[in-house]
Amino acid sequence: MASLVAWRERRTLGGGAMAATGLLLVMFAVYALHEPSALSMFGMSNLLNNMIVLALAAAGLTLVVLCGELDLSGPGIIAIANVVVATTSAGSLGPLGSFVAVLAIGLVVGGLNGVLVAYLRLQSLAVTLGTLIACQGIALLILPAPGGEVVEEIAYGITGDLFGVPVPAILLALALAFWLLLKQSRLGIALYAVGTDEAAARLSGLNVRATKLLAFILAGLFYALAGFVFSAEIGSGDPRISDSFLLFMFAAVAIGGTSLMGGRGGIVGTLAGAAILTVLQKMLFALGVADFYTNIFNGIMMILAILFGQLSALLARGPRGRQAR
């Protein structure tokens, strides 16, 4: 019980998320000073539409990282989701059927990753790299070249407003609410416990295998939802559209204060990290900085975020923890 209390206290260390939120506010202020339309309803809606896919995908990745594993399969699930929506939403399945199919794909791929990692004890990096490649190949089989059509019900339903509120803002609020509920549950405690010390978590009576399996399944569902939203935004299918997502997903997680070693962080910081990466591009464009500098800044920010996370962890341990180390 004492160890569970310690893990619960460890969860509350939100220094990374707070730092990411502070950085986001500063960057947005600079952006707004040079782009007056940033504060308009159109500007805010455009910003939310630009960040929502990355935010959802990185949120799923966060759940796996928290329990001490890695997941590279996200872009592959997004690719399959995109081509499935583009080839079925205007056909026999319709909008609702394509949405259910996409979630089923995320569930199956996430479950497969979880079984291979948690129960067969294979390395998560190798397993999810394999599923990434397999999913990208399946996406090419379904739609060999860009094309297809996403019906207007999906396109306008996701990118539009609901009672005056942008739908991406509603999706972000739902993701945040899900996380706030999850981290108070036994599964949420288990995610941190397993990521902090898997052996100690097992001795405390937590089901380590089930925890990892559920983390991968939830991640797969998040990736599938991100792919569905992405399809609505681009209005068609492209099996290679998500190839560049992986690095940005990990960058959002790291910038948001989640330790890539597991056991520390959360989705709140990840959402802030995704917003930072999105605002960074807009800020640099507003300042007249060439596009190719964006990746340089992204990389620097990711490295600084990891360094800040390590320093926060050392400070959180206190003098005794540092001496033991």
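Residues numbered from 1 in each chain as written. Predicted model: local features only at pLDDT ≥ 70, side-chain atom pairs only at ≥ 80, totals over all residues. Heavy atoms only, no water.

Draft legend 1. Layout of helix 6 (residues 124-142). Relative to the 27 Å expected for 19 residues at 1.5 Å per residue, helix 6 spans 26 Å between its end C-alpha atoms, a close match to the ideal helical length. On its buried face, helix 6 sits against helix 4 (74-88), helix 5 (94-119) and helix 11 (208-234). (Helix = DSSP H or I, 4+ residues; strand = E, 2+ residues; numbered from the N terminus. Expected span 1.5 Å × (residues − 1). Contact = heavy atoms within 4.5 Å.)

Draft legend 2. The arrangement of the side chain of Ser259 in detail. In this fold, Ser259 is placed in the loop between helix 12 (245-255) and helix 13 (267-286). With near-sequence residues (within four places) excluded, Ser259 lies in contact with Val65 and Arg264.

Draft legend 3. Molecular detail of the environment of Ile80. In this structure, Ile80 sits in helix 4. The buried category is assigned to Ile80, whose relative accessible area is 5%. Between the C-alpha atoms of Ile80 and Glu35, which are 45 residues apart in sequence, the distance is 36 Å. When near neighbours in sequence (up to four residues on either side) are disregarded, Ile80 contacts Ile105, Cys135, Ile138 and Ala139. (Buried < 20%, exposed > 50% of the residue type's maximum accessible area, 1.4 Å probe, protein only.)

Draft legend 4. Molecular detail of the nonpolar core. Formed by 93 residues in total, the largest nonpolar core has its most connected members in Leu63 and Ile154. When residues in this core are grouped by element, the largest group, 16 residues, is from helix 3 (residues 41-66). Setting aside residues no more than four positions away along its own chain, Leu63 makes contact with Phe178, Trp179, Leu182, Leu191, Ala215, Leu218, Ala219, Phe222 and Ile267. (Core = buried A, V, L, I, M, F, W, Y, C linked by side-chain atoms within 4.5 Å.)

Draft legend 5. Looking closely at the pattern of salt bridges. Taken as a whole and judged by the stated rule, the model has four salt bridges. Notably, a salt bridge pairs Glu69 with Lys212, separated by 2.6 Å at the nearest N-O pair. Linking Glu69 in the loop between helix 3 and helix 4 with Lys212 in helix 11, this pair joins segments that are 143 residues apart in sequence. Each of the two residues, Glu69 as well as Lys212, counts as buried. Between Glu198 and Lys212 there is a salt bridge, with the nearest N and O atoms lying 2.9 Å from each other. Pair noted here: Glu198 is in helix 10 (residues 198-203) and Lys212 is in helix 11, with a separation of 14 residues, a long-range link. On the basis of relative accessibility, which here comes to 29%, the residue Glu198 falls in the partly exposed class. (Salt bridge = Lys/Arg side-chain N within 4 Å of Asp/Glu carboxyl O.)

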